[in-house]
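Chain by chain, the residues:
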Amino acid sequence: MAKSIIFTTDILVGIGLTATLLALIFIGKPEVKSEISFQSNWLEAKDIVNILSNLKASSFSDTPTIKSLIENGTLKEEDLNKTIIDLIGSFWYAGNKTIASNITKEILENVTKKCFSLQTENETVYSSCLNYSKSISVAYALTSGYEIGKPVSGYVARAWLTKYRKNTTQIIPFYPEGSGWTGNRLEVTKYFSLPPNITIYNATLFVSIHFGTSKSQAQFEQLVVNGVQKKNDVIWLYLQEASGWYGEITTAAYGYVDVTNEIKAGNNTIYLVIGTPNYHSHIHPGMRLIVTYSLSQEMQTGNQTFVKRYYFDNVVGNTGAWSMVSFYVPENAKNVNAKLHLNLKNIDDTKYFIWNTTDIEIYVNSKYPFYQDGINTGEDAQYYCYSIRKYYCYRDIVASKSVILDFDITSNLKNGTNVVSVYLNSYGDLHWGYKDANIYSNPLGDAENSSYVEVSYTIDKPLFLYGEIDLTKEKIFGGEASNPKTFTFNISERESKIVESFVHIAQGFSSTINVSLFREDLPKFTVFTSPSPRIVPENVYVYPNLISEGENSIEIVDFQPYGGISPTNYILPWSSFEYTYLIKGMVGYGNVFNSSQLAIQDAIDRLIQQIGNDISAQDISVDSQSVQGIRWLWGPTFFKILVWDKL
Amino acid sequence: MLMVRFMLIKSQTLTYDFFIAASILFLILIAAFFLWYYKMEGIKEEREKADLADILIYASEIWFKEGYPIYWNTSNVLEIGLANENRINTTKVRMMEELGYQKLAYLLSLGTANVNYFVYSLNGTLLYSFPNYSMENAKDILVLERVAIWNESIVKVKTVVWQKV
């Protein structure tokens, strides 16, 4: 019982507390030594970063690796002016990791006896010890590097064209238009203007007409280009016969004539006279003048506001006259307005019994008339004839009239291709009256009294910016005449910034047309469908965003209004794709050179290479700047130095 | 009956066991006191060393900072620093000598501590030393070796801080 008193719970608790106190006294010893060691390592790491970031490579030109790099020409004088960390980083990020590692080893192993490691982006450039301590000090350097062989100071330059000469193409379409009936003449006069300061390299007039008899050229009377008769110089490429209601034979002909010597800068006139003894002569789709020329221009910014006039050709028909003007409204156009001004002369005012029959009829993007001056539509003309003989509709001719008509056709417009058709004393296969109906137009001498469509619109940003040069090219379809016809073509990267594009349709006979585009990554997209039979414009606008770099395809189909592909209405191989693309006429700052002169020459060389062969520089502006501390190629990135005591 | 009760009470407090237990407890307490005392002495010594280590680091930093004003001279120096553009400035090193050790000690807030600087090349050649005080009667000597840039070369800067006996 007595012994048990000593070893009570109280005594045990007391001994426990005493033991804890003693333990705390020993455990609570401050770790001054390890703190000093950690601080010392951190200072050493900081000092190494300071050395790597501030000492130039030239200070270590005697170390084996740098010495051999100098000797073999890898390192040049300008490279030795860079800091060691730049040098290590440039080799490391250029993939020369062994060189980077060796340089680090050779420099830092003389600097510290402690363990160290240089790391970047979680990769070790070099580590002097294999085993890490529990306590490691770290110092960081944020840097970006240069490319070996490139100077970090010098001159850079940019250049841009202020005046240039470009080789480009302009296409002047002849609209489908007529009429010369059964031996009577159709006269078409095209007035147009080319820029004044051009040098013409080539001018080719494609002729697409319906005329004559059985493949003969009867009544191919005149083709006068600026006063020079060219009708005997036409090379006929395609002749296709067709028979009319009464079995008479006529010919659709397609040919070309070189008019390079006749076409000139400034104002030009082409006068065409054709006819057919049997039927109705007119111009078919695909008649156009293609002029390739060089043009001097000063650099400018494209417009955002557009007012464009599309003049009718001057058409004198016997009897009757018709013309079909096509024009386009871009898909991004805003505030679109359009007006139609017509100066129509020598129209015969006709009657059928007591009814005033239609002698003037206008269609705007529709098979329904936009305007008619009589009781009937064109489609119904046959019902308002006392008799019909060789396509001539007998009616009472009351008087002759000349009228000027003005219409606002804004509400009838659509984005893309628009077509305005005007018929005087004729429609389809019928004509009437006895005088020379005239759709009057002379934009060169009498512009305000001419017949035209005027379209105005705005776009949000200019078609081209300052420094961009527009070039127009044409790709001929080629191949065989067929229906449908598909044309596949390539757009290069250089040509890929297209701002305007058109399909020029060349046909012999035609009915109703459908034009589509497709690519491997683009389902077939229809850009134009004729609103009614015989509405086949010479050119169809193609949304530029449908054309992209690489392979593109255009499909043209002529179909009958009530279904089915027209078996003999071929699409001719001289159809074409016209596109306008932008080339940059400026280059930015390039490489660094030791002199301003070298930098400028480099900028000019780059500019000339960029603009290519179709543009020649006439006036180049340059801007040269001296630069310091250029960093090339890699970074910014962290480098870190780890220092720890050897185990 | 009364006799029996008295005996019972006495035997519970003043037994041999009690005295033995009390003696052991006192011995433990005495041992704990001496241990605590010597420990406190050790802690004090470590603390002094830690303070000296702080002085050492602060004293070594002058080779890496610019001081104030950045281009100070002997008459306007408020904070001493011997570097400019991450390199040792020889002019400032000369001016440190002109300042004298007492002014340097004041600017470094050395208190009772002393400092000596030695600059070596990487191959161990002594390039510079200041103030060349004898360290014969030194205790608590702390040494810190760092690397710096002087004349576009790497040098080792050894800072020694100690207390006089």
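Please refer to the structure higher up on the page.
Residues numbered from 1 in each chain as written. Chains lettered and ligands numbered in written order. Predicted model: local features only at pLDDT ≥ 70, side-chain atom pairs only at ≥ 80, totals over all residues.

> So what exactly am I meant to see when it comes to the interface of chain A and chain B here?
Many descriptions give the size of an interface as the accessible area lost when the pieces come together. Opposite the 26 residues of chain A that make contact, chain B presents 26 residues. Here the side of chain A that touches chain B takes eleven residues from helix α3 (residues 32–54) of chain A, the largest share from any one element. (Contact = placed C-beta atoms within 7 Å. Helix = DSSP H or I, 4+ residues; strand = E, 2+ residues; numbered from the N terminus.)

> Hey, could you run me through the nonpolar core in this one?
Taken as a class, soluble globular proteins show a tendency for nonpolar side chains to be buried jointly. Membership of the largest hydrophobic core comes to 96 residues, with the highest contact counts inside it found for Val325, Leu424, Ile439, Val453, Val503 and Val540 of chain A. For this core, the element with the most residues is strand β7 (residues 198–211) of chain A, which contributes seven residues. Each of domain 2 (162–298) and domain 3 (303–461) of chain A contributes no fewer than three residues to this core. Leave out the neighbours within four places in its chain, and Val540 of chain A touches Thr417, Phe502, Val503, Ile505, Val515, Val527 and Phe528 of chain A. Core analysis: the next-biggest nonpolar cluster, separate from the first, contains 60 residues, Leu118 of chain A together with Trp63, Leu104 and Trp162 of chain B among them. (Core = buried A, V, L, I, M, F, W, Y, C linked by C-beta atoms within 7 Å. Buried ≥ 20, exposed ≤ 12 C-beta atoms within 10 Å, placed from the backbone. Domains from an automatic or database assignment.)

> Is there a simple way to think about the sheet that holds strand β6 (residues 153–164) of chain B in this case?
Within a beta sheet, neighbouring strands are joined by backbone hydrogen bonds and run either parallel or antiparallel to one another. All names here are of chain B. Read across the open sheet, the four strands follow the order β4-β3-β6-β5; overall the sheet is antiparallel. The open sheet terminates on both sides in strands that have one partner only, identified here as β4 (126–130) and β5 (138–150). Ignoring which end each strand starts from, the neighbouring axes of this sheet average 20° apart. Of the pairings in the sheet, the one linking strand β3 (residues 113–121) to β6 comprises nine bridges and is antiparallel in character. By the bridge assignment, Ser121 is partnered in β6 with Val155. This element, helix α2 (residues 16–61), spans β3, β5 and β6 of the sheet and lies at about 25° to β5. (Pairing = 2+ DSSP bridges. Axes fitted to C-alpha atoms, helices over the stretch in contact; angles between N-to-C directions.)

> Explanation requested: the packing of helix α4 (residues 64–71) of chain A against helix α7 (residues 97–108) of chain A in the structure shown.
To describe two helices that pack against each other, one gives the angle between their axes and the distance between the axes. Residue and element names in this part refer to chain A. Interhelical geometry of α4 versus α7 gives an angle of 130° and a closest axis separation of 8 Å. Taken together, the axes of α4 and α7 are oblique relative to one another. Along the contact surface, α4 presents Pro64, Thr65 and Ile66, while α7 presents Ile99, Asn102, Ile103 and Glu106. Residue composition of the contact of α4 with α7, grouped by class: four nonpolar, two polar and one charged. (Parallel < 35°, antiparallel > 145°, perpendicular 65-115°, else oblique. Nonpolar A, V, L, I, M, F, W, Y, C, P; charged D, E, K, R; others polar.)

> How do you make sense of unusual backbone geometry when you look at a structure like this?
Leaving glycine aside, a negative phi is the common case for residues, and trans is the common case for peptide bonds. Omega for the peptide link from Asn318 of chain A to Thr319 of chain A comes to -20°, which places this bond in the cis form. Omega for the bond connecting Phe130 of chain B with Pro131 of chain B falls within 30 degrees of zero, at 0°, which places this linkage in the cis form. Mapped onto the elements, Pro131 of chain B comes out in the loop between β4 and β5. The phi torsion at Asn335 of chain A lies on the positive side, around 50°, for a residue other than glycine.

> Just to check I follow, could you spell out the sheet that holds strand β37 (residues 576–584) of chain A for this structure?
Residue and element names in this part refer to chain A. As summarised here, the arrangement of the four strands in space is β30-β37-β32-β35, forming an open sheet in which the pairing is antiparallel. Only two strands of the sheet have a single partner each, and these edge strands are β30 (468–476) and β35 (539–541). Put simply, the sheet's adjacent strands are angled 25° from each other on average, direction ignored. Taken together, the six bridges between strand β32 (residues 498–504) and β37 define a ladder with antiparallel strand orientation. Residue pairing across strands places His504 opposite Ser576, the latter belonging to β37.

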